[in-house]
Structure formats: C-alpha cells, structure tokens
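Chain and residue survey
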Amino acid sequence: MKITLDADACCGAGQCVLIAPEVFDQRDEDGVVVLLDAEPPAERHDAVREAAAICPAAVIGIHA
C-alpha cells in the first residue's frame, strides 16, 4: 500500500489522525494533514482504508 495526500484540499477535520495516528498527523498551525508513513505495514492497512473512507475532503489516496 502506498498513500498519497492532497494537502491543499484538506479541511483539517482530523478524523484520519484519530483513526490511524501512526500514519497521519496534523500541522499545529492550521490542522492540515501530514503523512507520517507513506507505505505503512500490513497491520495498519485497514485503519488507513477507514481513514480514507471517512475523510470529509477525500484527500487520502490509496494505491496498491
């Protein structure tokens, strides 16, 4: 799994951080998503998929 982000479109809701804190974080100044692990291990794939599905701005891309 490889993750991409469209940080310019991020609304800063923070749901991704709550669901997968090992993979996503937020910038302190504006809450925009920060990718901590672009290729997370298999045990985090379900959480990443959930974070992508729940993201209100649909900024998380998942690639095989």
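If you look the protein up in an unreviewed UniProt entry, it shows as Ferredoxin from Streptomyces kasugaensis. You can read under Cofactor (unreviewed entry) in the UniProt record for the protein the words "[3Fe-4S] cluster". What UniProt states about the protein under its Function (unreviewed entry) heading is, verbatim, "Ferredoxins are iron-sulfur proteins that transfer electrons in a wide variety of metabolic reactions."

Turning our eyes to something else, we now look at the nonpolar core. Within the largest apolar cluster, 16 residues are counted, with the highest numbers of intra-cluster contacts made by Ile 3, Cys 16, Phe 24 and Ile 60. Elements that contribute at least two residues to this core include exactly helix H1 (15-19) and helix H2 (45-54). Considering every element that reaches this core, the biggest residue donor is H2, with three residues. If we ignore the near neighbours within four places in the chain, the residues touching Cys 16 are Pro 21, Phe 24, Val 33, Ala 51 and Ile 60.

Right, let's talk about the pattern of salt bridges for a bit. A complete count under the given rule lists five salt bridges for this structure. Across the salt bridge formed by Arg 44 and Glu 22, the nearest N and O atoms sit 4.0 Å from each other. Taken together, the residues span a long stretch of sequence, with Arg 44 in the loop between strand E3 (33-35) and H2 and Glu 22 in the loop between H1 and strand E2 (24-26) at a distance of 22 residues. Judged by its relative accessible area of 27%, Arg 44 is partly exposed. One salt bridge in this structure joins Glu 29 and Arg 27, with 3.6 Å as the shortest N-O distance.

Our next topic: the side chain of His 45. Mapped onto the fold, His 45 is located in helix H2. What makes His 45 buried here is its relative accessible area of 15%.

Rules of the game
- Residues numbered from 1 in each chain as written.
- Predicted model: local features only at pLDDT ≥ 70, side-chain atom pairs only at ≥ 80, totals over all residues.
- Heavy atoms only, no water.
- UniProt positions renumbered as here; feature names shortened; annotations may be inferred.
- Core = buried A, V, L, I, M, F, W, Y, C linked by side-chain atoms within 4.5 Å.
- Buried < 20%, exposed > 50% of the residue type's maximum accessible area, 1.4 Å probe, protein only.
- Helix = DSSP H or I, 4+ residues; strand = E, 2+ residues; numbered from the N terminus.
- Contact = heavy atoms within 4.5 Å.
- Salt bridge = Lys/Arg side-chain N within 4 Å of Asp/Glu carboxyl O.

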